[in-house]
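# A closer look at the structure
Listed below are the residues making up each chain.
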Amino acid sequence: MSKFSSNCEDMNTTPTIGLASGINISEVKKITEGSRSIWIDWLRVAAIFFVIIVHSTEPFYLGGEGSLILSKSDAFWVSFFDSFARACVPLFIIGSSYLQFPLHYNTKEFFLRRAIRILIPFAVWTGVYAFIWGEPIENFRNLLLNFNYAAGHLWFVYMLLGIYLLMPMLSPWAEKVSRNELLFYLSICLFTSFIPFIREISSGDSSYITGPSGIPAFAKYPLWGECSWNSYGVFYYLSGFIGYILLGLYIKRFVGIRHKGKSLLSAILTWMAGFAISFGGFYWLVNHTADGVFPIEGSINLAVLWETPWFYDSTGVVLMAIGWIFMFRRINAGGKWYSKLIFPLAKASYGVYLCHMIILAYVSQLIREWLGTGADGIIGFWTTPAEIVLTAVLTFTLASAFSHLVGKIPGIGKYLMG
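My aim in this report is to walk through the structure given alongside it, one point at a time. All values derive from a computational prediction rather than experimental measurement.

What counts and how
- Starting from 1, residues in each chain are numbered consecutively following that chain's sequence as written.
- Since the coordinates come from a predicted model, pLDDT governs what is reported: local features require at least 70, and pairs of side-chain atoms require 80 or more to be given and counted, while whole-chain, interface and lining totals use all residues.
- The side-chain values count all of the structure's non-hydrogen atoms but skip hydrogen atoms and water molecules.
- Think of it this way: any DSSP run of H or I at least four residues long counts as a helix, any run of E at least two long counts as a strand, and we number them from the N terminus.
- Here the accessible surface of atoms and residues is derived via Shrake-Rupley with a 1.4 Å probe, and residues count as covered only by protein chains that are part of the display.
- What counts as a salt bridge is simple: a side-chain nitrogen of Lys or Arg found within 4 Å of a carboxyl oxygen of Asp or Glu.
- Summary of the burial criterion: residues with accessible area below 20% of their type's maximum are buried, those above 50% are exposed, and those between are partly exposed, where the area comes from a 1.4 Å probe applied to protein chains only.
- Between two residues, a contact is recorded if the distance between any of their heavy atoms is within 4.5 Å.
- Any residue with relative accessible area above 30% and no salt bridge may belong to a patch, with like charges joined within 9 Å and the nonpolar Val, Leu, Ile, Met, Phe, Trp and Tyr side chains within 5 Å.
- Lines fitted to C-alpha atoms define the axes here, with helix axes fitted over just the stretch in contact, and angles between the N-to-C directions of these axes take values from 0 to 180 degrees.
- In these notes the angle categories are as follows: under 35 degrees is roughly parallel, over 145 is roughly antiparallel, 65 to 115 is roughly perpendicular, and the rest is oblique.
- Note: crossing handedness is left-handed where the near helix turns anticlockwise from the far helix by less than a right angle, and right-handed where it turns clockwise.
- Residue polarity is assigned by list, with Asp, Glu, Lys and Arg as charged and Ala, Val, Leu, Ile, Met, Phe, Trp, Tyr, Cys and Pro as nonpolar; anything else, Gly included, falls into the polar class.
- Take the residue count of a helix, subtract one, and multiply by 1.5 Å to get its expected span.
- Relevant arc is that of directions from the helix axis to the C-beta atoms, nothing else.
- Side-chain atoms within 4.5 Å link the members of a nonpolar core, which is a set of buried Ala, Val, Leu, Ile, Met, Phe, Trp, Tyr and Cys residues.
- Stacked, edge-to-face and tilted labels apply to pairs of Phe, Tyr and Trp rings (six-membered ring for Trp) whose centres lie within 6.5 Å, assigned for plane angles under 30 degrees, over 60, and everything in between, in that order.
- Two thresholds decide whether a charge sits over a ring: the Lys NZ or Arg CZ must be within 6 Å of the ring centre and within 35 degrees of the ring normal.
- In this scheme, the bend at a residue equals the angle between the axes fitted to the seven residues that finish there and the seven that begin there.

This part takes up the overall build of the chain. Across its full length, the chain holds 18 helices and 6 strands. When the accessible surface of the chain is summed, it comes to about 19,000 Å², and 66% of that surface belongs to carbon and sulfur atoms.

Have a look at this one:
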């Protein structure tokens, strides 16, 4: 989810690139307009729309006791749309790394900028969600330990803040690391993307633990040094989102900008391989647990099992993120279309992320009441995909307009929407 922040000065300034990086400076200028990296703006607009697609899909497999899919056709559409958009979070992280890592200013200034652009708007909207969803007193008490689970999308900001804490520490290394060294670490990170599947296969029957919030988590099958008294196995520190930070660094330093059909084909094939893993994995797990009988309903634990191929650090999502990045990196479309639409949308992206769930909840409900449910809806087999697309497009439009307008309020706009 690069970061969602859209501040021009902080988020989208083209870093200084040395000759030793192996990148042709003239090539970089082709995809920049002034100090902005055009392809990053396109990437951020697409990524925030992908986020909304993911959340527009959730009502079609989350429901009832926790998990509910009404029909086999709904299972297909959920798997298709969510898999298509699932690389949204990695795209934001890679883009953020590309622009900011290694740091371009000292640690104090870096943290001050992040506090203004990320932390303050996050605090405001955390309060908004605590008031409107659930019991406010209980919500605010729980905020001492974690985010409000009713606003589940806010998990992203905590992860992002953790990455920002690491960036100053890793920056000196990032400035000096060689191509082969970076590839070595990236290969380890790629291997860790198989761990969710290895755990699932090794554990046999899935088991879960549930925290005070009622949100389940895997009771992890111990691997490579993990045990009941130690969660920090050999691959712990090189798993998760750190790989996307390293990937953004690698692309900036060692991957030149090319406009050849072969490179585009490679990006498309990489994305297709990732999509096949994510789509096929989710669809197979749903049908396997349903045993051909729909609707299928169960606890939220069942949805957690289905989502295994969708984990943001799993193989399919990693491959899709790589494919998307190399496709977007070819974009150099500036001009009026970019300046009048893409640039403002990119600037509003963090605000869209913060506010969109409130809008989406109402839009989704209204559209489902209008079109009906599943195969019994007014357009039969096509009801579910129509509802997902309409919900995503309307939510994206309304949230973008709201974020853009509020963000322009003199003096306080940036503190409300980032």
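Moving on, we get to the pattern of salt bridges. The final tally for this structure, using the stated rule, is 5 salt bridges. Two residues, Arg44 and Asp41, come together in a salt bridge whose shortest N-O distance is 3.0 Å. Here Arg44 and its partner Asp41 are both found in helix H3 (residues 38–57), 3 residues apart, which amounts to about one turn of the helix. Comparing Arg44 with Asp41, the two get one shared label, buried.

With that out of the way, let us pick up the environment of Gly351. If you trace the backbone, Gly351 turns up in helix H16 (residues 349–371). Put simply, Gly351 and Met417 are 66 residues apart on the chain and 4.3 Å apart in space, counted from C-alpha to C-alpha. When neighbours within four sequence positions are excluded, Gly351 is seen to be in contact with Ser403 and Met417.

In this section: a nonpolar patch on the surface. Nonpolar side chains collect at one region of the surface, where Trp370, Ile378, Ile379, Phe381, Trp382, Leu390 and Leu394 lie side by side and expose about 750 Å² of accessible area between them. Along the chain, Trp382 turns up in the loop between H16 and helix H17 (383–407).

As a further point, take the packing of helix H5 (residues 88–100) against helix H8 (residues 155–176). Running from amino to carboxyl end, H5 crosses H8 at an angle of 25 degrees, the nearest separation of the two axes being 12 Å. In terms of axis orientation, H5 runs roughly parallel to H8. The two elements H5 and H8 cross, and the hand of that crossing is right-handed. For the pair H5 and H8, the contacting residues are Val89, Phe92, Ile93, Ser96, Ser97 and Gln100 in the first and Trp155, Phe156, Met159, Leu160, Ile163, Tyr164 and Met167 in the second. Among the residues forming the contact of H5 with H8, the class breakdown is 10 nonpolar, 3 polar and no charged.

Looking now at helix H9 (residues 179–192). The end-to-end C-alpha distance of H9 is 20 Å, a good match for the 20 Å that 14 residues give at a rise of 1.5 Å each. Considered for burial, the residues of H9 that qualify are Leu182, Leu186, Ile188, Cys189 and Thr192. Around the axis of H9, the buried residues are gathered within 155 degrees of arc, so they sit on the same side. The elements touched by buried residues of H9 are H8, helix H10 (195–203) and helix H11 (242–254).

Looking now at the nonpolar core. Counting 110 residues, the largest nonpolar core has Ile93, Phe156 and Trp306 as its most contacted members. Sort the elements by how many residues they give to this core and H3 lands first, with 14 residues.

Across all of its chains, the model carries 53 aromatic pairs by this definition. Geometrically, the ring pair formed by Phe147 and Tyr158 is tilted, given 5.9 Å between the ring centres and 45 degrees between the ring planes. Taken as a pair, Phe147 in the loop between helix H7 (136–142) and H8 and Tyr158 in helix H8 lie far apart in primary sequence, 11 residues in all. The class for Tyr158 is partly exposed, based on a relative accessible area of 33%. The residue whose ring lies beneath Arg113 is Tyr105, and the NZ or CZ to ring-centre distance is 4.4 Å. Cation over ring: Arg368 sits above Phe60, and NZ or CZ is 4.4 Å from the ring centre.

Spanning 22 residues, H8 covers 32 Å between terminal C-alpha atoms, matching the ideal 32 Å at 1.5 Å per step. Within H8, the axis deviates most sharply at Leu170, by approximately 55 degrees, and proline Pro172 lies no more than four positions further along. Taken residue by residue, H8 has Phe156, Val157, Met159, Leu160, Ile163, Tyr164, Met167, Pro168, Ser171 and Ala174 as its buried positions. Lining the buried residues of H8 we find H5, helix H6 (107–132), H11 and H16.

Look at the link from Phe101 to Pro102: it is a cis peptide, with omega at 0 degrees. On the secondary structure map, Pro102 appears in the loop between H5 and H6. Of note, the bond from Phe294 into Pro295 is cis; its omega dihedral lies within 30 degrees of zero at 0 degrees. As for its position among the elements, Pro295 is in the loop between helix H12 (261–290) and strand E6 (296–299). You will see that Trp224, though not glycine, has its phi angle at about 50 degrees, which is positive. Here Trp224 is to be found in the loop between strand E5 (216–218) and H11. On the basis of relative accessibility, which here comes to 40%, the residue Trp224 falls in the partly exposed class. The backbone phi angle of Asp291 is positive, close to 55 degrees, even though this residue is not glycine. Among the secondary structure elements, Asp291 is positioned in the loop between H12 and E6.

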